[in-house]
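Report on the structure
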Amino acid sequence: MHFLKFDWNPTSGIEIIGNFQLHFYSLMWVTAFLLGWYVMKRIYEKEKVSLEYLDPLFIYTVLATMIGARLGHVIFYQPELFKDDFLSIFLPIRTNPTLEFTGFQGLASHGAAIGIIIGMYLYRKKYNYKSLMWILDRIVIPVSLGAIFIRIGNFINSEIIGKVTDSNLGVRFIQDEYSKREAVQLTGIKDPKGAYNAIAHNPQFQNLLDAVPYRHAAQLYEAACYVFVFLILWVLYTKTNKKDNPGFFFGLFLVLLWTIRFFVEFVKEAQVDERATWALNTGQWLSIPFIIVGFYFMFVYKGTSKKA
């Protein structure tokens, strides 16, 4: 395996009982939330805010993120699920065509962002100790950290893949190219895991491996950029007095994160085939309003640092 050229055929999770599998993607979400809780705890301690407010904030954030991300994906990318497989919208299962445990898949970051904003508004209504903008200015710091692990989870899952590259450098996503059924049929190996491994390593199926194109590792590009978003926010928070400017961190987060998302989308495959011919894809169109709102909060918004 070369750093700039490798095949990707990972185990997607840990087998627990029978066909139940603890997906690494789910573990990435857990990691994101736990690290986010720790970062927010540091912020509360630094600003001498009672930690009694931290656990409720964590619960609101988790629920708002998951519900917003799931509804965002369905509304923006798979609205047909409202009619074809309603239970799969809110549960980690698929009921059509057969019942299958899938883990939490199909989550949209734009929906998560909207969900978090609504969740923080509801949280602030119940726990009236700081202004809503104070909370938003600080919650974006752990959110930017969590975004790194979500994109790593997408890479592990071979989802939200990049476009085919113009060279033989990149990643060959074997599990994206062949469905489980196709891998089994083409190799004659009944176990999907064994079938994928045969395509990846057995010279007998070299033709199947050669048919898998090299693609941009768009998920890793995005994750790497989010590392810098988190570092910029954290350094500005700890080393400057920008935290005293209401709306600045919230706006800067929106501008940085969604600008990155906008440009990385150029090397991503369209998530909806019917929209592949659009000049800008769905993710880019959805990012533009967030960027505009971000500039507004950075340079126009005149709030107060006091509790509202």
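Here the structure is shown first, and the text comes after it.
Residues numbered from 1 in each chain as written. Predicted model: local features only at pLDDT ≥ 70, side-chain atom pairs only at ≥ 80, totals over all residues. Heavy atoms only, no water.

**What to know about the overall build of the protein**
For the protein, the count of helices and strands is 13 helices and six strands. For 308 residues, the compact-globule formula gives about 19 Å, and the C-alpha radius of gyration of the protein, at 21 Å, lands near that figure. Summarising its shape, the C-alpha atoms of the protein cover approximately 70 × 40 × 35 Å along the three principal directions. Looking at the 308 residues of the protein, the share that counts as buried comes to 47%. Sequence separation of 24 or more characterises 71% of the internal contacts of the protein that already satisfy a separation of 6 or more. Surface exposure of the protein reaches about 16200 Å², of which carbon and sulfur atoms provide 64%. Side chains of the protein give 30 positive and 24 negative charges; the mean places of these two sets differ by 12 Å. (Helix = DSSP H or I, 4+ residues; strand = E, 2+ residues; numbered from the N terminus. Rg over C-alpha atoms; globule rule 2.2 N^0.38 Å. Buried < 20%, exposed > 50% of the residue type's maximum accessible area, 1.4 Å probe, protein only. Contact = heavy atoms within 4.5 Å. Areas by Shrake-Rupley, 256 points an atom, 1.4 Å probe, with all protein chains shown as cover. Lys, Arg positive; Asp, Glu negative; His and termini not counted. Charge placed at Lys NZ, Arg CZ, Asp CG, Glu CD.)

**Things to note about helix H5 (residues 109-126)**
In a regular helix each residue adds 1.5 Å, so 18 residues correspond to 26 Å; H5 covers 26 Å between its end C-alpha atoms and thus fits that length. Those residues of H5 lying buried are His110, Gly111, Ala112, Ala113, Gly115, Ile116, Gly119, Met120, Tyr123 and Arg124. (Expected span 1.5 Å × (residues − 1).)

**Some words on the packing of aromatic side chains**
One pair of aromatic rings is described through two measures. These are the centre distance and the angle between the planes. Considering all chains together, one arrives at 30 aromatic pairs under this definition. Ring geometry for Tyr296 and Phe297: centres 5.2 Å apart, planes at 80°, overall edge-to-face. For Tyr296, a relative accessible area of 39% translates into the label partly exposed. By relative accessible area, which is 15% here, Phe297 ends up buried. Of the aromatic side chains, those joined through ring pairs into one cluster are Tyr44, Tyr53, Tyr60, Tyr123, Tyr127, Tyr129 and Trp134. For the cation-ring pair, Lys242 lies above Phe248, with the distance from its terminal atom to the ring centre recorded as 4.8 Å. (Phe/Tyr/Trp six-rings, centres within 6.5 Å; stacked < 30°, edge-to-face > 60°. Lys NZ or Arg CZ within 6 Å of the ring centre and 35° of its normal.)

**Comments concerning the pairing of strand E1 (residues 5-8)**
Residues in a regular strand point their side chains to alternate faces of the sheet. Burial along E1 is one-sided: Phe6 and Trp8 are buried, and none of Lys5 and Asp7, which face the opposite way, are. Pairing geometry for E1 and strand E6 (residues 170-173), over four bridges, is parallel. If you follow Asp7 over to E6, its bridge partner there is Arg172. (Pairing = 2+ DSSP bridges.)

**Focus: the side chain of Arg151**
With respect to the helices and strands, the residue Arg151 is situated in helix H6 (residues 132-156). Of the residues examined, Arg151 reaches a relative accessible area of 6% and is grouped as buried. The contacts of Arg151, once residues within four sequence positions are left out, are Ser109, Ile160, Gln219, Glu222, Ala223, Tyr226, Arg261 and Lys268.

**Thoughts on empty space enclosed by the protein**
Throughout the structure, instances matching the rule amount to three cavities of 30 Å³ or more. What the largest cavity holds in volume is close to 600 Å³. Here the lining of the largest cavity takes ten residues from H6, the largest share from any one element. Taken together, the residues that form the lining of the largest cavity break down as 31 nonpolar, six polar and two charged. Here the second largest cavity defines a volume of roughly 70 Å³. What lines the second largest cavity is simply Tyr77, Glu265, Lys268, Glu269, Ala270, Gln271, Val272, Arg275, Asn281, Thr282 and Gly283. Of the residues assigned to the lining of the second largest cavity, the class counts are three nonpolar, four polar and four charged. (1 Å grid on protein atoms, 1.4 Å probe; cavity = no way out; pocket = protein on both sides within 12 Å on 5 of 7 lines; lining within 4 Å. Points joined across faces, edges and corners; volume = space filled by probe spheres on them. Nonpolar A, V, L, I, M, F, W, Y, C, P; charged D, E, K, R; others polar.)

**Topic: the environment of Leu87**
Note on placement: Leu87 falls in helix H4 (residues 87-90). For Leu87, a relative accessible area of 47% corresponds to the partly exposed category. Taking the C-alpha atoms as reference points, Leu87 and Arg124, separated by 37 residues in sequence, lie 31 Å from one another.

**As for the environment of Phe250**
Relative to the helices and strands, Phe250 is located in helix H12 (residues 248-264). According to the relative accessible area criterion, Phe250 is buried, its value standing at 5%. Residues Phe250 and Met298 lie 48 residues apart in sequence; the distance between their C-alpha atoms is 7.8 Å. Contacts of Phe250, omitting those with residues within four sequence positions, involve Ile117, Met133, Leu136, Asp137, Val140 and Phe297.

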